[in-house]
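# A structural walkthrough
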Amino acid sequence: GAVVSQHPSRVICKSGTSVKIECRSLDFQATTMFWYRQFPKQSLMLMATSNEGSKATYEQGVEKDKFLINHASLTLSTLTVTSAHPEDSSFYICSARPPGGSDTQYFGPGTRLTVL
Amino acid sequence: AQSVTQPDIHITVSEGASLELRCNYSYGATPYLFWYVQSPGQGLQLLLKYFSGDTLVQGIKGFEAEFKRSQSSFNLRKPSVHWSDAAEYFCAVGANAGNMLTFGGGTRLMVKP
């Protein structure tokens, strides 16, 4: 089956620093990737849709200057949390959709971000 | 706008007992419906999905779900729960195949020995 990886799986950083999270589709090309955020004991909330070669589409209320998304290749999308603050601490999950009208998204294992 | 409601935040069942997790959705067109399971600190695993056709869909790990358009529901069932089924379960709806998903709040399943 299709595999999506995320790196790192866990990161702890100081307030004010920037953190980059990678999402890779390992055995398929993904024209579209999605970034979700999950607070403790809550559901997943879509942050943005990342399309290869174009700008990401952000959901309402998500700061595009704070959460920078780059989808430079068909197998890699990155989410950079800039000037992270403790309230950015969360579980970030990406998903990837194979091209050709695939009816399934494949989710990565998630990245736990803790901002001190 | 589409929305998903999972009325039960927590459910506890005994091992071997049957299980039903409720999911109600709101969407103006034919929905694409999914159930995912998430173990602690892990990502999501797809259990099953419904797009069209037979309203009773079979998934992995012995799970099934039934789409009932008249009730706007897509409840997840399992005849006999195993201790390893303890996890968080999310119902989700998509506008079309493979598009962005809207998730329900999740139901945490605990299994008593």
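## Comments concerning the nonpolar core
It is characteristic of soluble globular proteins that their nonpolar side chains tend to be buried jointly. Within the largest apolar cluster, 26 residues are counted, with the highest numbers of intra-cluster contacts made by Trp-35, Leu-48, Phe-74, Leu-76 and Tyr-89 of chain B. Taken together, the elements giving at least two residues each to this core come down to strand E2 (10-14), strand E3 (19-21), strand E5 (32-38), strand E6 (44-50), strand E8 (64-68), strand E9 (73-78), strand E10 (87-94) and strand E12 (107-112) of chain B. At 4 residues, E10 of chain B tops the list of elements feeding residues into this core. If sequence neighbours within four positions are ignored, Leu-48 of chain B has contacts with Leu-33, Phe-34, Trp-35, Val-57, Gln-58, Gly-59, Phe-63, Glu-64, Ala-65, Phe-74 and Leu-76 of chain B. In this structure, Phe-28, Ala-30, Ala-48 and Ala-84 of chain A belong to the second largest nonpolar core, which totals 25 residues.

## Let's talk about the sheet that holds strand E8 (residues 76-81) of chain A
Whether parallel or antiparallel, the strands of a sheet pair through hydrogen bonds between backbone atoms. Residues and elements named next belong to chain A. Spatial ordering of the open sheet is given by E1-E3-E8-E7, a layout of 4 strands whose pairing is antiparallel. Strands with a single pairing partner mark the edges of an open sheet, and in this sheet they are strand E1 (4-7) and strand E7 (67-73). Across the sheet, the axes of successive neighbouring strands diverge by a mean angle of 15°, strand direction being ignored. Note that strand E3 (residues 19-25) and E8 share 6 bridges and pair antiparallel. Looking at E8, one finds that Arg-24 is bridged to Leu-76.

## Considering the state of the cysteines
All chains considered together, the criterion is met by 2 disulfides over all chains. Paired through a disulfide, Cys-23 of chain B and Cys-91 of chain B show a sulfur-sulfur distance of 2.0 Å. Between Cys-23 of chain B and Cys-91 of chain B the sulfur-sulfur dihedral comes to about -65°; the bridge is accordingly left-handed. On the criterion of sequence distance, the pair formed by Cys-23 of chain B in the loop between E3 and strand E4 (24-26) and Cys-91 of chain B in strand E10 is long-range, its members being 68 residues apart. Of the two residues, Cys-23 of chain B and Cys-91 of chain B, neither departs from the other in class, the shared state being buried. A disulfide-free cysteine, Cys-13 of chain A has its sulfur positioned 18 Å from the sulfur of Cys-94 of chain A, the nearest such atom.

## Some thoughts on the interface of chain B and chain A
On the side of chain A, 18 residues touch chain B, which itself brings 19 residues to the contact. Of the roughly 1,500 Å² buried where chain B meets chain A, counting both sides, 55% is carbon and sulfur surface. Counting across the chain B and chain A interface gives 0 salt bridges. Seen at the junction of chain B and chain A, the total is 4 residue pairs in polar contact (both at pLDDT 80 or more). At the level of elements, E5, E6 and strand E11 (101-103) of chain B are the ones that each hand at least two residues to the side of chain B that touches chain A. Here the residues of the side of chain B that touches chain A are counted per class, giving 10 nonpolar, 8 polar and 1 charged.

## Quick word on the pattern of salt bridges
If you walk through the whole model with that rule in mind, you get 7 salt bridges over all chains. One salt bridge connects Arg-24 of chain A with Glu-22 of chain A, and the closest N-O pair in it is separated by 3.5 Å. Classification of Glu-22 of chain A as partly exposed rests on a relative accessible area of 23%. With a closest N to O distance of 3.3 Å, Arg-77 of chain B and Glu-66 of chain B form a salt bridge. Placement of the pair is Arg-77 of chain B in strand E9 and Glu-66 of chain B in strand E8, with a sequence separation of 11 residues. When salt bridges with common partners are traced through the structure, they connect Glu-64, Glu-66 and Arg-77 of chain B into a single cluster.

Criteria and thresholds
- Residues numbered from 1 in each chain as written.
- Chains lettered and ligands numbered in written order.
- Predicted model: local features only at pLDDT ≥ 70, side-chain atom pairs only at ≥ 80, totals over all residues.
- Heavy atoms only, no water.
- Core = buried A, V, L, I, M, F, W, Y, C linked by side-chain atoms within 4.5 Å.
- Buried < 20%, exposed > 50% of the residue type's maximum accessible area, 1.4 Å probe, protein only.
- Helix = DSSP H or I, 4+ residues; strand = E, 2+ residues; numbered from the N terminus.
- Contact = heavy atoms within 4.5 Å.
- Pairing = 2+ DSSP bridges.
- Axes fitted to C-alpha atoms, helices over the stretch in contact; angles between N-to-C directions.
- Disulfide = S-S within 2.5 Å.
- Buried area = accessible area lost by both parts, 1.4 Å probe.
- Salt bridge = Lys/Arg side-chain N within 4 Å of Asp/Glu carboxyl O.
- Polar contact = N/O pair within 3.5 Å; in protein donor to acceptor, adjacent residues only side chain to side chain.
- Nonpolar A, V, L, I, M, F, W, Y, C, P; charged D, E, K, R; others polar.

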